[in-house]
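# Observations on the three-dimensional arrangement
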Amino acid sequence: MTQTIENAWDVLAADWDRLQSKHLREMFDNNSDRFEQFSSSLDDLTVDFSKERIDADALKHLLDLARAADVEGNRDAMFAGEHINTTEDRAVLHVALRGSPADGYQVDGQAVADLVQPVLNAFLQFADDVRAGKVTNSKGVAFTDVINIGIGGSDLGPVMATRAMSKFVGEGPNVFFVSNVDGAHLRDTTRDLNPETTLFLIASKSFTTQETMINAQAAKEWVENSIGVEAAKAHFAAVSTNLVATNAFGIAPERVFGFWDWVGGRYSLTSSIGLSLAIAIGSENFRAFLDGFRDMDQHFKTAPLEQNLPVLLALIGIWRRNVMGCATVALIPYNQRLENFSSYLQQMDMESNGKRVTKEGADVATKTGPVIWGDAGTNAQHSFFQLIHQGTDIVPIDFMITAQPTSYLVEQHDLLTANFLAQSHALAFGKTGEEVRREMLEAGGDPKAVEALVPHRTFPGNRPSTSILYRSLTPYSLGRLIALYEHKVFVQGVIWGVNSFDQWGVELGKVMANRLAPMLDEGADLSGLNSSTRGLIEKIHTLK
Ligand code: F6P
């Protein structure tokens, strides 16, 4: 019999009553198959959640919750192109961007492949032509540098993936990214560049975003001041759904690569928003990247829930957030080239599931999206891991590591791997006071001094982590990793009952910024403002 969601939550709460006093040490001691039982693989990609504080019953009940929330039905509705983004009345079909025509994706009765394939071919051709020096400035000189101007979903994915794929760049121009409305970002990026050989990609789904528009205008002036208005035209291309606005900005239609309203900004990396990445790594690598996404899409679409990696990852997150009450998740790739992965995931996860009302507009009954944060290991060990090991809050971690090294410094990869293993071990098993005492006394410590130090050197352990292991960091494996998280976020949104595909929460601040900008002028009327904002503006005026 199918359970109600309320029932499923009650059963999980009872599971936690049973499990919260159990230590992971005990769980591993009592079950030599724990790794086999609580890990799942899709060929070389393994998700090991055996160091989470769950048992077989809890896992079964999490799967019951997924069924009660109709994760499968909602998933099928997304793949079928239904308008599951209800507040904006849109389909959610980023999966179609990397689908093959044979997948048959449709939106509002139209075959999506007919839309996607021509744009994909066009922007990849443009990318290869930029790399080959066939797209040139007005004097026929190849571009040496490309700057993507965009923010949020029009920046974070391309930044993260371009950095991650630095091994695959080969011959081609340097690719930079400017996002912040702080003029220092554009200034610092262009300082050592030559406007005569710099190409700008203006990436904005709406082509109205304040930061992007003002940076694009400043970039235009930088080029025009150097080579003149006519010649500057060759230095701009755009990625947008707003062809009217790109035209008004002066970008030739053949230099504009579109996408569609059924692609959310934070899910747009595989649309033409990926143009900067495609210029960095070339079309062949970009297509391999898309194949990786598609592979995970197919897995998500077809694998039974018990072996479905995005579903399992989502359910572990639900357990941490709603059953254990953890407010944050740290993402720690043991991979320097994935150093931007957590900022990318921050937008994907927090803009999607940072919601307080259900799709129907009622207050949610449970906590929703956690705070996502993180940094690359081993750097993170030397900044915030102290708190994770011995602080008063439980911070669950998603670790990520490749079996193969990402650089030619092969031995260093073994050390990196040893550090990852050591951290997940130490977090789970800790070190008891008894162990600390014995070790210090055996080393000849003074018993009184040893006793004083025991509480400080004790690690409670029992701190959960999931490890994601895969062979090597390639365009294909990166695509799979990102899609794993995209679908994880989707599943959690379904369980929480929220619309993961709108972002009304970002609007108010945008509107306020536009309203406040004129008030920064000397002599502006500040009378309608609250005393704090007025006081700060007055201080700014005196300090300017
Ligand atoms: O931050 C809000 C947001 O609307 C994001 O969802 C989006 O990725 C970003 O702004 C940029 O929007 P655009 O691509 O339209 O410039």
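Residues numbered from 1 in each chain as written. Predicted model: local features only at pLDDT ≥ 70, side-chain atom pairs only at ≥ 80, totals over all residues. Heavy atoms only, no water.

## Here we look at the domain arrangement of the protein
By domain assignment, the protein separates into domain 1 (3-68 + 303-429 + 463-496), domain 2 (97-287) and domain 3 (504-543). Inter-centroid distance (C-alpha atoms) of domain 1 to domain 2 is 33 Å. Facing the 23 residues of domain 1 at the interface are 18 residues of domain 2. Between domain 1 and domain 2, a total of about 1,800 Å² is buried, with carbon and sulfur atoms accounting for 59% of that surface. Taken as a group, Arg 337, Tyr 344 and Pro 475 account for 33% of the area that domain 1 buries against domain 2, more than any other trio of residues on that side. Counting across the interface, domain 1 meets domain 2 through three salt bridges. (Domains from an automatic or database assignment. Contact = heavy atoms within 4.5 Å. Buried area = accessible area lost by both parts, 1.4 Å probe. Salt bridge = Lys/Arg side-chain N within 4 Å of Asp/Glu carboxyl O.)

## A closer look at the site of the ligand
The local shell around the ligand holds 14 residues, among which Ser 154, Ser 204, Ser 206, Thr 209 and Glu 351 are the closest. Measuring from an oxygen atom of the ligand, one finds a side-chain N or O atom of Ser 206 at 2.6 Å. Coverage of the ligand by the protein chains reaches 88% of its 390 Å² of free accessible surface. Among the cavities detected, the one that contains the ligand is the largest pocket. Of the residues assigned to the shell around the ligand, the class counts are two nonpolar, nine polar and three charged. (Near = heavy atom within 4 Å. Polar contact = N/O pair within 3.5 Å; in protein donor to acceptor, adjacent residues only side chain to side chain. Areas by Shrake-Rupley, 256 points an atom, 1.4 Å probe, with all protein chains shown as cover. 1 Å grid on protein atoms, 1.4 Å probe; cavity = no way out; pocket = protein on both sides within 12 Å on 5 of 7 lines; lining within 4 Å. Sits in = over half its atoms within 2 Å of the grid points. Nonpolar A, V, L, I, M, F, W, Y, C, P; charged D, E, K, R; others polar.)

## Here we look at the layout of surface pockets
Empty space within the largest pocket amounts to approximately 880 Å³. Lining the largest pocket we find 38 residues, and of these Ser 206, Thr 209, Gln 503, Glu 507 and Lys 510 sit closest to its centre. Counting residues per element, the ones that place at least two in the lining of the largest pocket are α10 (210-227), α15 (341-353) and α21 (507-516). Considering only residue class, the lining of the largest pocket consists of 11 nonpolar, 18 polar and nine charged. (Points joined across faces, edges and corners; volume = space filled by probe spheres on them. Helix = DSSP H or I, 4+ residues; strand = E, 2+ residues; numbered from the N terminus.)

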